[in-house]
Amino acid sequence: MAADSNGTKYLAHSPSDTGHEDLLHSHLQEVATRAAQYAAPLGIADEAYITGLLHDLGKYGKRFQQRIKGKDRGIDHWSAGAWTALTKYELQGIAATLAVQGHHVGLQEATPDALQGLDPSKLMENHPQGLKLSEPDIATLLSHFNAEGLSLPDDAARSVYDWRAAPRAAGMLDVRMLFSCLVDADYIETEAHFQAASKQAKSYRAPGPVLEAGRDLSVLLDYLDNLARRVNVPDHVKQVRSDLLAACLQAADSPQGLFTLTAPTGAGKTLSMLAFALKHAARHKLRRIVVVIPYLSIIEQTVHEYRKALAPVIKKHGNYVLEHHSLATASNIEPDQEDTTKFQERLLAENWDAPIIVTTSVQFLESLFANRPAACRKLHRLAQSVILFDEVQTLKSSLAVPTLATLARLAERYQSTVVFSTATQPAFSHLHELVTRYCAYGWQPQEIVPRDLRLFERAKRTVVQWPPSGAVTSWAELSEAIAAHQQVLCIVNLKRHALALLEELQARGSDGLLHLSTNMCPAHRRVVLEDIRKRLAGDEPCRLVSTQCVEAGVDVDFPTVFRAFGPLDAIAQAAGRCNRNGRAQLGTVHLFVPEDEEDKRLYPDSAYQQAAAVTRILLEKHHPEGMNIDDPYLFEEYYKLLYSFHDMDDKRDNLLAAIKRRSFVDVARYYRVIDKDAINVLVPYDVETYEALAEEVRTTGLTRQWIIKARAHAVSLYRPRNDPVEAYLEPVRVGKGGNQSQDWFVYLAKEHYDPLLGLVPPSSTECLIA
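Since the structure is predicted, the reported quantities are computational estimates derived from the model, not experimental observations. (Residues numbered from 1 in each chain as written. Predicted model: local features only at pLDDT ≥ 70, side-chain atom pairs only at ≥ 80, totals over all residues. Heavy atoms only, no water.)

Draft legend 1. Seen up close, the sheet that holds strand β11 (residues 487–491). Across the sheet, which stays open at both edges, the six strands sit in the order β10-β15-β14-β11-β13-β12 with parallel pairing between neighbours. Either end of the sheet is taken by a strand with one partner, and the two such strands are β10 (462–465) and β12 (513–516). Pairs of neighbouring strands in the sheet enclose a mean axial angle of 20°, with direction left out of account. The pairing of β12 with strand β13 (residues 542–546) spans four bridges and is classified as parallel. Bridge pairing links L516 to S546 in β13. (Pairing = 2+ DSSP bridges. Helix = DSSP H or I, 4+ residues; strand = E, 2+ residues; numbered from the N terminus. Axes fitted to C-alpha atoms, helices over the stretch in contact; angles between N-to-C directions.)

Given below as structure tokens:
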């Protein structure tokens, strides 16, 4: 039916370039059907169907139809459907109400006052966004809705959101999951309309491949078997890796739920946990695997390993392992260009429609607590998945309780399995009782690796030299010690410490001097890491001074490591870069306390300083001979002590307070994996690329395609406030003639980018991230 009984034709959107018309009744029915399809694995198909029918109810209003013709502006078309869901289904309609209201403006607040604020009479008096309602009379809208052959069920199915019983973090995830089904369905149907190849029909994107976990496991195990025969490592290291793999395969037969995977660095966790995930997915008929990694450098390394291991599968399905992070380059490819596979990757990454997703902690966790449609649309894909967190010790203590509660809800309700993997496992089970206040499931994971395997004891590859109490090492003393080694890594806590040490080493004329820090853009760091690995393999001089960016998963193997005193988990991660492949009997990790005459600030922030202080307490308690970083029990003690210094349920905490009042807006605002406000700055590492990108953004303005290309050539700075560095930052405009971006800048002084050090402004600045 193309029109109602009065002969009026209602449109959902303006016509496509090919003249395809998106009739409103068809759009509502198609979104409802697709949302129900997405929601079926979540067990909420009926509720999603209702949500889809109501999401654009307001478009039956005359004002919205005039807007499509360009004759009106500032129209609210979403509140009518939200109010209908609330008044028709009452408590069972709250989740649908929030989802419909939020599909353009984002999820708002699940409180009685906020929900009652959707009353059309109140919105007519004072609309929070200053908009006009498309039609204030709900009955008029419903009459057009019914006249076009659409109808609502008399009774709603039991809602995904239990207003009274669900702990609030769990309940908020339930709303986001319904919201995700709606907005992804809406995006897909709207995209198909605007991409229509003809006037007659929509053009849908091709769906992603389907996970074939049993086949993939067989391919992976064949690869690991061949790798074990080829790799040049001692037999005892091979045996540790073999035992870890066997433990993962055995644990994969367990029921779904929460798991930890605690194993030493260099034991093969990356591929062993993929083997767990594939076998577990095959056993429980799960839909996908999502791998969450804290650092981009590890993501690139992990994706490379996965694509090598699954090469026969990748050859058949090019989009089988999908990266979703800020440096993925697929978005600069247009569909009419030669490489349509790359364009398809970008489309699939928008809603994680792929068998294996590799993403960052920022992307995954902030999406899990988001309120905006674009960030939330992929969340429904997490149902019936295996979610692997690598290097989970990087999760901030202040985020631990709400994060654990929300992940627990995925396991409890949505048939997801969550694995926390690291060599330095945080004592999150110690927080179980607190977590139950936000999700009844709590946090009591099963450890994959049996303690009687004694992996840490058997994989011991280093000895740690702890600093004497009160001892301080000067940069001159440290540079002398480093210069005595041909291949050596030194990790410091602050960038200015790295610069001070490099100056001393340069004055000594040390060969093979290299540097890594986030002052260097990703493209620069990638080149340096390749040089490091080449030098190490060729027994060439390699003296690397680095900040913490080299820790946690970066695959380098030095015979000797120096590490500035810091948190116990950071020390263990540094040790993971020493004698990593067990070629020497024991590598040596030297800890030192650096001199700092500037202001005595030895650590990047207060949390890092507190963790270092906890390490010092344990050192004084156990003395050096009792500080065995290969002992998992030491880390359990460390994390419990660390948590005791932090109020994990602080009533003054903005995030926890926002969760308790069910404010989706404030939760999204306060849940930040990275605390400080930062900007992105295009830097002149590769001058030719820099000049091309700078010219492009000045001409066309900031675009998504430009950002994707620029990420690899940009560094992050804390947002400057009355700082000398501002003189060198050129703001860029959003699009042609748009407003200035608040997040992207071009660095103007090419001479400030040093080939060894990266970006080094000549004036004192507080903007360099520590």
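There is more to say, and it comes next.
Draft legend 2. Region of interest: the packing of aromatic side chains. Counted under the stated rule, the structure contains 15 aromatic pairs. Between F364 and F389, the aromatic rings sit 5.3 Å apart at their centres with planes inclined by 90°, giving edge-to-face as the arrangement. One end of the pair, F364, is in helix α16 (residues 361–368); the other, F389, is in strand β7 (residues 385–390), and 25 residues separate them in sequence. Given a relative accessible area of 1%, F364 falls into the buried group. Between Y603 and Y608, the aromatic rings sit 6.1 Å apart at their centres with planes inclined by 40°, giving tilted as the arrangement. Residues Y603 and Y608 agree in their burial class; the two are buried. Of note, R381 hangs over the ring of Y38, and the distance from its end group to the ring centre comes to 5.1 Å. Seen from the ring of Y633, R451 lies directly overhead, with NZ or CZ sitting 4.1 Å from the centre. (Phe/Tyr/Trp six-rings, centres within 6.5 Å; stacked < 30°, edge-to-face > 60°. Buried < 20%, exposed > 50% of the residue type's maximum accessible area, 1.4 Å probe, protein only. Lys NZ or Arg CZ within 6 Å of the ring centre and 35° of its normal.)

Draft legend 3. Main features of the nonpolar core. The biggest cluster of nonpolar side chains holds 162 residues, and the ones touching the most others in it are F364, F389, F428, L431, W443, W466 and I532. Looking at which element gives the most residues to this core, the answer is helix α9 (residues 168–194), with 13 residues. Other than its neighbours up to four places away in sequence, I532 contacts L514, L516, C542, L544, V556 and F558. By size, the runner-up hydrophobic cluster in this structure holds 49 residues, among which are L274, A277, L286 and V291. (Core = buried A, V, L, I, M, F, W, Y, C linked by side-chain atoms within 4.5 Å. Contact = heavy atoms within 4.5 Å.)

Draft legend 4. Summary view of the pattern of salt bridges. The tally for this structure, following the rule as stated, stands at 38 salt bridges. For the salt bridge of D174 with R409, the shortest nitrogen-to-oxygen distance reads 2.6 Å. Of this pair, D174 sits in helix α9 while R409 sits in helix α18 (residues 397–413), placing them 235 residues apart in sequence. Classification of D174 by relative accessible area gives buried; the value is 0%. The shortest N-O distance in the salt bridge between R215 and E212 comes to 3.4 Å. Here E212 falls in the partly exposed class, since its relative accessible area comes to 37%. (Salt bridge = Lys/Arg side-chain N within 4 Å of Asp/Glu carboxyl O.)

Draft legend 5. Seen up close, the packing of helix α10 (residues 213–230) against helix α11 (residues 235–251). Between α10 and α11, whose axes approach to 11 Å, the crossing angle comes to 165°. In terms of orientation, α10 lies roughly antiparallel with respect to α11. The chirality of how α10 crosses α11 is left-handed. Every residue of α11 that contacts α10 at L217, L221, L224, A228 and R229 is listed here: K238, L245 and L249. Broken down by class, the residue content of the contact of α10 with α11 amounts to six nonpolar, no polar and two charged. (Parallel < 35°, antiparallel > 145°, perpendicular 65-115°, else oblique. Left-handed = near helix turned anticlockwise from the far one by under 90°. Nonpolar A, V, L, I, M, F, W, Y, C, P; charged D, E, K, R; others polar.)

Draft legend 6. Representation of the side chain of T302 in the model. Within the secondary structure layout, T302 lies in helix α13 (residues 296–309). Once residues lying within four places of it in the same chain are set aside, the contact partners of T302 are T270 and I293.

All we've got here are geometric facts, nothing functional implied.
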